[in-house]
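Okay, here's what each chain looks like letter by letter:
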Amino acid sequence: MTDVSDGVLHTLFHSDQGGHEQVVLCQDRSSGLKAVIAIHSTALGPALGGTRFYPYASEEEAVADALNLSRGMSYKNAMAGLDHGGGKAVIIGDPDTLKSEELLLAYGRFVASLGGRYVTACDVGTYVADMDVVARECRWTTGRSPENGGAGDSSVLTAFGVFQGMRASAQHLWGDPTLRGRTVGIAGVGKVGRHLVGHLLEEGAQVVITDVRDESVRRIVDEHPSVAVASDTEALIRVEGLDIYAPCALGGALSDDSVPVLTAKIVCGAANNQLAHPGVEKDLADRGILYAPDYVVNAGGVIQVADELHGFDFDRCKAKAAKIFDTTLAIFARAKEDGIPPAAAADRIAEQRMAEARRG
């Protein structure tokens, strides 16, 4: 555990990925809970971000993910125009075997102990039913079921926002927002990817999918027989004639290995932290690939759960999520004006909003 602590301290205090206000390590031995809650910033308001339940290879990997994800949430919430800072939590373990009511209640008590500095929601490995359990111990819980005063599944508006980001990318690159006749490859067709498939088919796009879970692929093909299937992500990103690549699973999809072989002209997906490391955004630009910053286009979900704190209204949320189209176009315009990649342009805009809030 010493190595983990040293790594955390170095990241927090000495690296460019640091700057977090607070990191909480949580453990409840009776339930098996091991969790990390990372609060990156509360400059704009209480930190808001989901809870990821995942079988990390090590505690250090879990901490690193919490730090990266929470930092991304600060930027996401700023770009979405929300009065929330960035936070994220990860629970270490396989949700299929470890998740229990006792564990979720213990986790809720840890979130509650922060007194509202962090507001939680769903993420990979957690669902609406889980948030209903967490909420029994913590009032700072969103993503709950409508029966329990919540907004329900946030992946609906996440997918809608990504779809708007794709339309804006098409407008910028090809001069027309329609995706009719375009070929879109989606890696990951779970909660968000499944809804995204529906939007694209309704628009008239051709869709190719892949997922590490065979059952997820079968479900999509059963619902939409016209959808094509790639054997894996490596095959998907090499599909000839691919117009748009949508990473919708875990982070790090855009790397030194994947970017050189991408056939798509646009990357726009729901996954968080798609850039494997700083500099990948320039590699994409050098290849003429337009990258729609992940935390901008996937903000529909956080827009939805944030609204839950004020009395949820779906139409109001959808209208806010529709503005992702305009926000994405504004980022592309800023990138062109400043001569920088879109990811850097989005960072500048978000950092400016956070800095102005601190000064205020």
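Computed from a predicted structure; not experimentally measured.

## Examining the sheet that holds strand β12 (residues 290-291)
Through backbone hydrogen bonds, the strands of a sheet pair up, either in parallel or in antiparallel fashion.
Here is step 1: The strand order across the open sheet built from 6 strands is β9-β8-β7-β10-β11-β12, with neighbouring strands paired in parallel fashion. Lying at the two open borders of the sheet, with one neighbouring strand each, are β9 (228-229) and β12.
Here is step 2: Pairing between strand β10 (residues 244-247) and strand β11 (residues 266-267): 2 bridges, direction parallel. When the bridges of β11 are listed, Tyr245 appears paired with Val267.
Here is step 3: Docked against the sheet, helix α7 (residues 191-203) engages β7 (183-187), β8 (206-210) and β10, running at close to 170 degrees with respect to β7.

## Details of the packing of helix α6 (residues 155-174) against helix α13 (residues 314-322)
Here is step 1: Their axes nearest at 9 Å, the elements α6 and α13 cross at an angle of 30 degrees. By the angle between their axes, α6 is roughly parallel relative to α13. The interaxial crossing formed by α6 with α13 has right-handed handedness. Every residue of α13 that contacts α6 at Val156, Leu157, Phe160, Gly161 and Gln164 is listed here: Phe314, Cys317, Lys318, Ala321 and Ala322.
Here is step 2: A class-by-class count of the residues in the contact of α6 with α13 yields 7 nonpolar, 2 polar and 1 charged.

## Focus on the side chain of Lys76
Here is step 1: Position of Lys76 among the secondary structure elements: in helix α2 (residues 59-79).
Here is step 2: A distance of 3.0 Å separates a polar atom in the side chain of Lys76 from a polar atom in the side chain of Asn298.
Here is step 3: Excluding residues that lie within four positions of it along the chain, Lys76 makes contacts with Asn272, Tyr295, Asn298, Ala299 and Val302.

## Some remarks on unusual backbone geometry
Here is step 1: Positive phi values are uncommon outside glycine, yet Asn273 reaches one of about 50 degrees.
Here is step 2: Secondary-structure assignment places Asn273 in the loop between β11 and α10 (280-286).

## Things to note about the nonpolar core
Here is step 1: Judged by nonpolar contacts, the single largest core of 63 residues is most densely connected at Tyr107, Met166, Ile186, Leu196 and Leu200.
Here is step 2: Among the elements that make up this core, the one with the highest residue count is helix α4 (residues 101-112) (6 residues).
Here is step 3: Filtering out sequence-adjacent residues up to four positions away, Met166 remains in contact with Leu179, Val184, Leu196, Leu200, Ile244, Ala246 and Cys268.
Here is step 4: Ranked by size, the runner-up nonpolar core spans 18 residues in total, among them Val208, Leu236, Leu242 and Val259.

## Description of the packing of aromatic side chains
Here is step 1: What the rule picks out here adds up to 3 aromatic pairs.
Here is step 2: Seen from their ring centres, Phe312 and Phe314 are 6.4 Å apart, and the 70 degrees between their planes marks the pair as edge-to-face.
Here is step 3: Looking at Phe312, the relative accessible area reads 27%, which means it is partly exposed.
Here is step 4: Cation over ring: Lys191 sits above Tyr127, and NZ or CZ is 4.5 Å from the ring centre.
Here is step 5: Lying across the ring of Phe160, Lys318 places its NZ or CZ 5.1 Å from the centre.

## With respect to the state of the cysteines
Here is step 1: Considering all chains together, one arrives at 0 disulfides under this definition.
Here is step 2: The thiol of Cys268 is unpaired, and the distance to the nearest cysteine sulfur, on Cys248, comes to 8.5 Å.
Here is step 3: Just so you know, Cys317 is unpaired, no disulfide at all, and the nearest cysteine sulfur is the one on Cys122, 15 Å from it.

## Notes on the pattern of salt bridges
Here is step 1: Tallied over the full model, the rule gives 19 salt bridges.
Here is step 2: The partner of Arg136 in a salt bridge is Glu101, with the nearest N and O atoms 2.9 Å apart. Of this pair, Arg136 sits in the loop between α5 (128-135) and α6 while Glu101 sits in helix α4, placing them 35 residues apart in sequence.
Here is step 3: With a relative accessible area of 52%, Arg136 lands in the exposed category.

So, how was this worked out
Residues numbered from 1 in each chain as written. Predicted model: local features only at pLDDT ≥ 70, side-chain atom pairs only at ≥ 80, totals over all residues. Heavy atoms only, no water. Pairing = 2+ DSSP bridges. Helix = DSSP H or I, 4+ residues; strand = E, 2+ residues; numbered from the N terminus. Contact = heavy atoms within 4.5 Å. Axes fitted to C-alpha atoms, helices over the stretch in contact; angles between N-to-C directions. Parallel < 35°, antiparallel > 145°, perpendicular 65-115°, else oblique. Left-handed = near helix turned anticlockwise from the far one by under 90°. Nonpolar A, V, L, I, M, F, W, Y, C, P; charged D, E, K, R; others polar. Polar contact = N/O pair within 3.5 Å; in protein donor to acceptor, adjacent residues only side chain to side chain. Core = buried A, V, L, I, M, F, W, Y, C linked by side-chain atoms within 4.5 Å. Buried < 20%, exposed > 50% of the residue type's maximum accessible area, 1.4 Å probe, protein only. Phe/Tyr/Trp six-rings, centres within 6.5 Å; stacked < 30°, edge-to-face > 60°. Lys NZ or Arg CZ within 6 Å of the ring centre and 35° of its normal. Disulfide = S-S within 2.5 Å. Salt bridge = Lys/Arg side-chain N within 4 Å of Asp/Glu carboxyl O.

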